[in-house]
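In case you want the letters, here they are:
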There are 2 protein chains.
Amino acid sequence: MATMNINGNVQEATCEQELAAIIDSLEILGGKWKLRIMRHLNNHAAETNTFKKIQREVEGISSKMLTKELRDLEINLLVTRTVLDTRPVSVSYSITEYGLSVLPVNEVLVQWGLNHRQRLKLS
Amino acid sequence: MATMNINGNVQEATCEQELAAIIDSLEILGGKWKLRIMRHLNNHAAETNTFKKIQREVEGISSKMLTKELRDLEINLLVTRTVLDTRPVSVSYSITEYGLSVLPVNEVLVQWGLNHRQRLKLS
DNA sequence: CCGCATCCAAACTGATACTG
DNA sequence: CAGTATCAGTTTGGATGCGG
């Protein structure tokens, strides 16, 4: 089966590879917070997004969760972490250029979810 | 923010609605098995997919999980359940026409996952 | 054959308190 | 301020056995 990658190239993959790819995607982007954080960082890319600020604006997340989620995203090269030279210390996070590649995924999920709501309402 | 729905219409939604839509999508399509089952039913749409057959072909899933996942999918109108008049009873499942709408989501996740693998390898 | 009930281990997550 | 540690409640998922 053929799929297009980010650069518009066609990638061939076996069925097993595709299954693994889906599992990867859901692991990296799934769950309650990951896409919310990515959306937030993208919508506020012009600002300095400190840990504190993110926690205030992504409603309901605990510091433990936010730490964990940001680290996961950093490991996957989707965000960068910068320690600021302030006192007391603060840390800011930004979406990476590569991180922008999750936006289409985001968009598809939004579209499907909105459509699904309507569908359930109609039936 | 504007998004296109399945029919090509533009849907407007508030940020909160978009968040809710993503959460819905991940709830309905996320997890280890849902998309695997949907892929399987789509790839074998011409056959009679009994519970037994699905369990044999979707590797590693327990009957408990398969029951639960299929019911969830049925509730969301993505698959239909048919009790066959055999002895002993067997039950078959098919992807619905509406269920086909998850295929683009599938495709985007496959694409992103494959691309991500390459990306991590390169860095 | 299909699905349910039960039991159980592991993972996830929230609350709270604490450290550098 | 950012992150860690601990505890407890919830959720998840596998294994097994039963009943229609």
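None of these values were measured; they are calculated from a predicted model.

Around DNA strand D, the surrounding shell holds 18 residues, and the nearest of these are F51(A), K52(A), R71(A), R81(A) and K64(B). Sugar and phosphate atoms form 68% of the subset of DNA strand D atoms that lie within 4 Å of the protein. Within the contact set of DNA strand D, a phosphate oxygen lies 3.0 Å away from a side-chain nitrogen or oxygen of R71(A). Taking V91(A), its main chain carries an N or O atom lying 3.3 Å from a phosphate oxygen of DNA strand D. Sorting the residues of the surface near DNA strand D by element identifies α3 (51-57), α4 (63-75) and β4 (90-95) of chain A together with α4 (63-75) of chain B as the ones contributing at least two each. Among the elements that make up the surface near DNA strand D, the one with the highest residue count is α4(A) (four residues).

Close contacts around DNA strand C come from 16 residues, with K64(A), F51(B), K52(B), R71(B) and R81(B) the closest. Those atoms of DNA strand C that come within 4 Å of the protein belong to sugar or phosphate at a rate of 72%. R81(B) has a polar side-chain atom sitting 2.6 Å from a phosphate oxygen of DNA strand C. Residue assignment for the surface near DNA strand C shows that the elements contributing at least two residues are α4 of chain A together with α3 (51-57), α4 and β5 (90-95) of chain B. The biggest single contributor to the surface near DNA strand C is α4(B), with four residues. In terms of residue class, the surface near DNA strand C is built from six nonpolar, four polar and six charged.

This next bit is on the packing of helix α1 (residues 15-29) of chain A against helix α5 (residues 102-122) of chain B. Describing two packed helices takes the angle between their axes plus the distance from one axis to the other. Two elements in contact, α1(A) and α5(B), have axes separated by 7 Å at closest approach and are oriented at 90°. As far as their axial angle goes, α5(B) and α1(A) are roughly perpendicular. Facing α1(A), whose interface residues are Q17(A), E18(A), A20(A), A21(A), I22(A), D24(A), S25(A), L26(A), I28(A) and L29(A), α5(B) presents N106(B), L109(B), V110(B), W112(B), G113(B), L114(B), H116(B) and R117(B).

This next bit is on the domain arrangement of chain A. Residues and elements named next belong to chain A. You can read the domains of chain A as domain 1 (1-30) and domain 2 (32-122). Together domain 1 and domain 2 conceal approximately 520 Å² of surface at their shared face, both sides included; 68% is due to carbon and sulfur atoms. Across the contact surface, domain 1 and domain 2 share zero salt bridges. Put simply, domain 1 and domain 2 have zero residue pairs in polar contact (both at pLDDT 80 or more) between them.

Residues and elements named next belong to chain B. The pairing of strand β4 (residues 79-84) with β5 spans six bridges and is antiparallel. Each residue of the ladder has a partner; that of T82, found in β5, is S92. Linking two consecutive strands that pair antiparallel, namely β4 and β5, is a turn of five residues.

A separate point is the sheet that holds β5(B). All names here are of chain B. If you walk across this open sheet you meet the three strands as β3-β5-β4, and the pairing is antiparallel. Unpaired on one side and paired on the other, β3 (49-50) and β4 mark the two borders of the sheet. The sheet contact formed by β3 and β5 spans two bridges and is antiparallel. Each bridged residue has a counterpart across the sheet, and for N49 the counterpart in β5 is Y93. Of the strands in this sheet, β3, β4 and β5 are in contact with helix α2 (residues 34-43), which crosses β5 at around 90°.

Before going further, it helps to spend a moment on the pattern of salt bridges. Residue and element names in this part refer to chain A. Enumeration according to the criterion identifies 16 salt bridges over all chains in this entry. A salt bridge links K68 to D72; its shortest N-O distance comes to 3.4 Å. Taken together, the positions of K68 and D72, both in helix α4 and four residues apart, correspond to about one turn of that helix. The network of salt bridges with shared partners includes K34, K68, E69 and D72.

This next bit is on the side chain of T96(A). All names here are of chain A. Within the fold, T96 resides in the loop between β4 and α5 (102-122). At 2.8 Å, the side chain of T96 and the backbone oxygen of L77 are in polar contact. Excluding its chain neighbours within four sequence positions, the residues that come into contact with T96 are L77, L78, V79 and T80.

Conventions we followed
Residues numbered from 1 in each chain as written. Chains lettered and ligands numbered in written order. Predicted model: local features only at pLDDT ≥ 70, side-chain atom pairs only at ≥ 80, totals over all residues. Heavy atoms only, no water. Near = heavy atom within 4 Å. Polar contact = N/O pair within 3.5 Å; in protein donor to acceptor, adjacent residues only side chain to side chain. Helix = DSSP H or I, 4+ residues; strand = E, 2+ residues; numbered from the N terminus. Nonpolar A, V, L, I, M, F, W, Y, C, P; charged D, E, K, R; others polar. Axes fitted to C-alpha atoms, helices over the stretch in contact; angles between N-to-C directions. Parallel < 35°, antiparallel > 145°, perpendicular 65-115°, else oblique. Contact = heavy atoms within 4.5 Å. Domains from an automatic or database assignment. Buried area = accessible area lost by both parts, 1.4 Å probe. Salt bridge = Lys/Arg side-chain N within 4 Å of Asp/Glu carboxyl O. Pairing = 2+ DSSP bridges.

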